[in-house]
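So you can see what is in the structure, the chains are spelled out below.
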Amino acid sequence: MTSFSELKKSLIVSLWFSFLTFPIMVIKADPIEKTVIWRWENLFFVAIGSFTLSMLGKIFFAQHERRRARRAADQAPARDPLIQVILREPRYLYPLAGAILIFALAFPFLFSTYQTNVMTTALMYVVLGLGLNIVVGVAGLLDLGYVAFYAVGAYSYALLNLHFDLGFWTVLPIGAILAAFFGILLGFPVLRLRGDYLAIVTLGFGEIIRLIMENWNEFSQGPSGISNIDRPGLFGLELSLDMAITYLYYLLIVMVLITIFVVNRLQDSRLGRAWIALREDEIACQAMGIDKTKTKLTAFALGATWAGMVGVFFAAKTTFINPASFTFLESAIILSIVVLGGMGSILGVVVGALVLILLPEYLRALSDYRMLAFGAILVTMMVFRPQGIISSVRRTYRYRKRGERERPAEEGDTQ
Amino acid sequence: MEYFIELLFSGLTRGSIYALIALGYTMVYGIIGLINFAHGEIYMIGAFTAYIVASVLTIYGFPVLSIVIIAGLAAAVWSSAYGYTVEKVAYKPLRHAPRLSPLISAIGMSIFLQNYVLLAQTSDFLAFPQLIPDFEFMEPVAHIVGTTDMIILVTTAVVMLGLTLLIKFSRTGKAMRATSQDRTMAMLVGINVDRVISMTFIIGSSLAAIGGVLIASHIGQINFYIGFIAGIKAFTAAVLGGIGSIPGAVLGSFILGLTESFATGYISSDYEDVFAFSLLVLILIFKPSGLLGKSETQKV
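K.L.:
Got a minute to help me understand the overall build of chain A in this structure?
P.N.:
Assigned secondary structure in chain A consists of 16 helices and 4 strands. Dimensions along the principal axes, computed over C-alpha positions, put chain A at roughly 80 × 75 × 50 Å. Split into buried and exposed, the 415 residues of chain A put 47% on the buried side. Here the contacts in chain A between residues at least 6 apart in sequence split such that 72% fall between residues at least 24 apart. Summing over all exposed atoms, chain A offers an accessible surface of approximately 21200 Å²; the carbon and sulfur share of this is 65%. The centroid of the 37 positive side-chain charges in chain A is displaced by 11 Å from the centroid of its 30 negative side-chain charges.

K.L.:
Explanation requested: the side chain of K233(B) in the structure shown.
P.N.:
Residues and elements named next belong to chain B. Along the chain, K233 turns up in helix 9 (residues 226-241). Looking at K233, the relative accessible area reads 4%, which means it is buried. Among all residues touching K233, those that are not within four sequence positions of it are Y18, L256, E260, E272, D273 and A276.

K.L.:
Looking at this structure, how should I read the pattern of salt bridges?
P.N.:
Pairs may arise between side chains of opposite charge once their charged atoms sit close together. The tally for this structure, following the rule as stated, stands at 11 salt bridges over all chains. We note a salt bridge from E214(A) to R210(A), for which the minimum N-O separation is 3.2 Å. In this pair, E214(A) and R210(A) both sit in helix 8 (residues 195-215), 4 residues apart, roughly one turn of the helix. Judged by relative accessible area, which is 27%, E214(A) ranks as partly exposed. Note that K88(B) and E87(B) form a salt bridge whose closest N and O atoms lie 3.5 Å from each other. Relative accessible area serves as the criterion here: at 28%, K88(B) is assigned to the partly exposed category.

K.L.:
Where do I start with a positive patch on the surface in this structure?
P.N.:
A surface patch of positive charge is lined by R66(A), R67(A), R70(A) and R71(A). Relative to the elements of secondary structure, R71(A) occurs in helix 2 (residues 40-74).

K.L.:
I'm lost on the packing of helix 5 (residues 113-138) of chain A against helix 14 (residues 328-341) of chain A in this one. Help?
P.N.:
Two quantities define a packed helix pair, namely the angle between the helix axes and the distance between the axes. All names here are of chain A. With their axes 9 Å apart at the nearest point, helix 5 and helix 14 run at an angle of 75° to one another. Regarding the angle of helix 5 to helix 14, the classification is roughly perpendicular. Mapping the contact onto sequence places Y125, L128, G129, L132, N133 and V136 in helix 5 and E330, I333, I334, L335, I337 and V338 in helix 14.

K.L.:
Whenever I open this one, the interface of chain B and chain A confuses me. Can you help?
P.N.:
By convention, interface size is frequently given as the accessible area that disappears when the constituent parts associate. Each partner contributes residues to the interface: chain B has 60 residues there, and chain A has 57 residues. Carbon and sulfur atoms supply 77% of the area buried between chain B and chain A, which totals about 5500 Å² over both sides. Looking at the side of chain B facing chain A, the largest losses of area belong to I59(B), W78(B) and I104(B), adding up to 11% of the total buried there. If you look at where chain B meets chain A, you find 0 salt bridges. Listing elements by their share of the side of chain B that touches chain A, those giving two or more residues are helix 2 (39-59), helix 3 (64-91), helix 4 (100-120), helix 9 and helix 11 (272-286) of chain B. Among the elements that line the side of chain B that touches chain A, the one with the most residues is helix 4 of chain B, at 15 residues. Tallied by class, the residues present in the side of chain B that touches chain A amount to 45 nonpolar, 11 polar and 4 charged.

K.L.:
Would you mind going over the pairing of strand 1 (residues 27-30) of chain A with me for this structure?
P.N.:
Residues and elements named next belong to chain A. The side-chain alternation of strand 1 yields one buried face, formed by I27 and A29, and one unburied face, formed by K28 and D30. For strand 1 and strand 2 (residues 35-38), the ladder comprises 4 bridges, and the chain directions are antiparallel. Its bridge partner being in strand 2, I27 is matched across the sheet by W38. Hairpin connection between strand 1 and strand 2: a loop of 4 residues separates the two successive antiparallel strands, and K34 in this loop has a positive phi of roughly 60°.

K.L.:
Just checking my understanding: could you explain the packing of aromatic side chains for this structure?
P.N.:
In this description, an aromatic ring pair is defined by two values, namely the gap between the centres and the angle between the planes. Residue and element names in this part refer to chain A. This model, assessed by the stated rule, comprises 33 aromatic pairs over all chains. With centroids separated by 5.1 Å and ring planes inclined at 85°, the aromatic side chains of F168 and W169 adopt a geometry described as edge-to-face. On the basis of relative accessible area, W169 is assigned to the partly exposed category, the value being 45%. One aromatic cluster is present, built from ring pairs that chain together F103, F107, F111, Y249 and Y250.

K.L.:
What should I look at first to understand the packing of helix 7 (residues 168-187) of chain A against helix 13 (residues 292-318) of chain A in this one?
P.N.:
All names here are of chain A. The N-to-C vectors of helix 7 and helix 13 enclose an angle of 145°; their axes lie 7 Å apart at closest approach. The crossing of helix 7 and helix 13 is right-handed. Packed against helix 7, whose contacting residues are F168, V171, L172, G175, A176, A179, A180, G183, I184, L186 and G187, the element helix 13 presents L297, F300, A301, A304, T305, G308, M309, V312, F313 and A316 at the interface. Along the lines of polarity and charge, the residues of the contact of helix 7 with helix 13 split into 16 nonpolar, 5 polar and no charged.

K.L.:
Honestly, the environment of G187(A) in this entry has me stumped. Any pointers?
P.N.:
All names here are of chain A. Inspection of the secondary structure puts G187 in helix 7. Taking the C-alpha atoms as reference, G187 lies 43 Å from S50; in sequence the two are 137 residues apart. Apart from residues no more than four positions distant in its own chain, G187 is found in contact with L297 and F300.

K.L.:
Please clarify how unusual backbone geometry should be interpreted in this entry.
P.N.:
For residues other than glycine, phi is negative in most cases, and the peptide bonds are mostly trans. Positive phi, normally seen in glycine, also occurs at T319(A), with a value near 55°. The topology assignment puts T319(A) in the loop between helix 13 and helix 14.

K.L.:
Looking at this model, I keep getting lost on the confidence of the model for chain B. Mind explaining?
P.N.:
Parts of the prediction with low pLDDT should not have their coordinates interpreted in detail. All names here are of chain B. A residue-level look at chain B finds 92% of positions with pLDDT of 70 or above and a mean pLDDT of 83. The secondary structure element of chain B with the lowest average pLDDT is helix 11, at 80, and the one with the highest is helix 3, at 90. In the predicted complex, the global pTM is 0.85; the interface-specific ipTM is 0.84.

K.L.:
Sorry if this is basic, but what is going on with the nonpolar core here?
P.N.:
Soluble, globular proteins show a tendency: their nonpolar side chains are buried together. Ranked by internal contacts, the top residues of the largest apolar core, which has 213 residues, are I24(A), L142(A), L144(A), Y150(A), Y82(B) and I107(B). When residues in this core are grouped by element, the largest group, 15 residues, is from helix 5 of chain A. Here Y150(A) is in contact with M124(A), L128(A), A307(A), V310(A), G311(A), F314(A), F326(A) and E330(A), once residues within four sequence places are set aside.

Conventions used here
Residues numbered from 1 in each chain as written. Chains lettered and ligands numbered in written order. Predicted model: local features only at pLDDT ≥ 70, side-chain atom pairs only at ≥ 80, totals over all residues. Heavy atoms only, no water. Helix = DSSP H or I, 4+ residues; strand = E, 2+ residues; numbered from the N terminus. Buried < 20%, exposed > 50% of the residue type's maximum accessible area, 1.4 Å probe, protein only. Contact = heavy atoms within 4.5 Å. Areas by Shrake-Rupley, 256 points an atom, 1.4 Å probe, with all protein chains shown as cover. Lys, Arg positive; Asp, Glu negative; His and termini not counted. Charge placed at Lys NZ, Arg CZ, Asp CG, Glu CD. Salt bridge = Lys/Arg side-chain N within 4 Å of Asp/Glu carboxyl O. Patch = residues over 30% accessible without salt bridge, like charges linked within 9 Å, V, L, I, M, F, W, Y side chains within 5 Å. Axes fitted to C-alpha atoms, helices over the stretch in contact; angles between N-to-C directions. Parallel < 35°, antiparallel > 145°, perpendicular 65-115°, else oblique. Buried area = accessible area lost by both parts, 1.4 Å probe. Nonpolar A, V, L, I, M, F, W, Y, C, P; charged D, E, K, R; others polar. Pairing = 2+ DSSP bridges. Phe/Tyr/Trp six-rings, centres within 6.5 Å; stacked < 30°, edge-to-face > 60°. Left-handed = near helix turned anticlockwise from the far one by under 90°. pLDDT = per-residue confidence, 0-100. Core = buried A, V, L, I, M, F, W, Y, C linked by side-chain atoms within 4.5 Å.

Here it is, written out as structure tokens:
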């Protein structure tokens, strides 16, 4: 399986990476104290690590090739992965969904408040991921400034609460509408742009919002942020801290369910199919008579709406916000969730959010490496598995001969 | 008037640094039609390499001139090594993938490199050694226009000239121009397109490294995050001039540098980055092809 030449290639890779990482990994110099620390052990780790990864990669590709060759020889159709079968068959799907829901509802009683709090954060990212999924996954518009809408929601609750003492439930729709308004505001100028340019402009937009929040002290209290934001109330009841956390957790469960329902329905709607057409081929989509302006704007507005609502939740949960929570990295995390989970796939995004948010939380020792891992995940996912953990399913009609056994009517999406 | 000259020179200095980075974007875009999101990080790595090498050499007591030369060379070598590797790891496998994939992969690479430097070095701002000696010249305006400004402008001019000659007359330059016009055709006439792409990344990265060293010694401090903002601004400059066009990138950089300098000087220094981003949004709305760019015809 591993020939000599492959070993040699991996060795070269290992040497190359040792050279590449040498100054930054090995030397740590301090010209003020006049000390140089040589960290030779890092060089050793890089060499071993890159050698192993290179070998693993080669084995992976070899196996992949062999499997494909065998499949081509057998002429057998590719079997659907287990998860797709479960998603398709109601008799598996409904009990499973029910079990997960019961577990989710029982969660605050089974685990500590801290765990509930962590889970609440993860659920917020589920909704954020699903919202961005509308824009990126379904409509194919790469939005790198998604966090701006999240900020709009959070700041609208914080400011309205501060100045006018408006409550959580009043601001929730206001935050959503304001975010949608900003979505359209961003959508209008960038209607003519596509792909890369769109990504950059949305990134610029996100940064503009953050920089304004940071510098316009009279309006947003600048970098020091806004504190003492009210938690959501429950019919005028006074809630203790623990109860408030549990309450927020249940609110987010409801929010997630609503989001999943709406997004799922949207995907099958006329609008949803227009988005998919836009993603697949913009010119052909226009030629089919789809109103591109309306389609793009609704994608931005609807995506932003969810971000706005989660923003309100975020402000209510932390009771303190400042511009540092809304950096580009936050956008990148949400994007990683969508990409890791599987662009366009609802279950994929949910799984992606839980994995990416909970994993670093429970692997505390590794949390320093969180962003490093996010970057690496984005690259590896694009190179090895662009469809994500759970790929979205494209509905296709397949003609069946009479007497033939029931075959799946859907196929894995092969974009 | 003095203030005006000061702002003018600061704008030109900024502009020439943006130009060094913007060239990398524009060259890569011209050849493979990809926005190399990790380019700003290459620039940051160049600055860090120079910092590390210069610090070590200073501690071991090397003469100043040799430190400048060795640190500059090291920055260029390692930056191009990183540029080359990034292309091989993150972009080459995706050459035939849908457009969104290489872009996401580039963003991933950018985040990865930032955090790699953050973890391997430090998140603090580091004081960059003053590589360019501060001597008095141009007496009447010496207090307005510093030595570093002058050296940055001259270095940039020399590098630009070198690049123009390289692209106009060398074999590699010709191959690059051919590839950017039509990749398939270039392949048919026997140009090794993979090597041309690698060369583009290497040249672009070493230019970014030079920019990194210059700006780091100008500002006097570096941080793992400097690549992000500088990258976005250089990209703005490249778009302003028309992405894919080399003279466009230079023109765009100077316009952006001067705009920023005068806007911060006469309006407010808090919103420095907002001006750059707003300029980017405005250009893309009104003239997406940029000042010197060709408008791209869409093919079905």
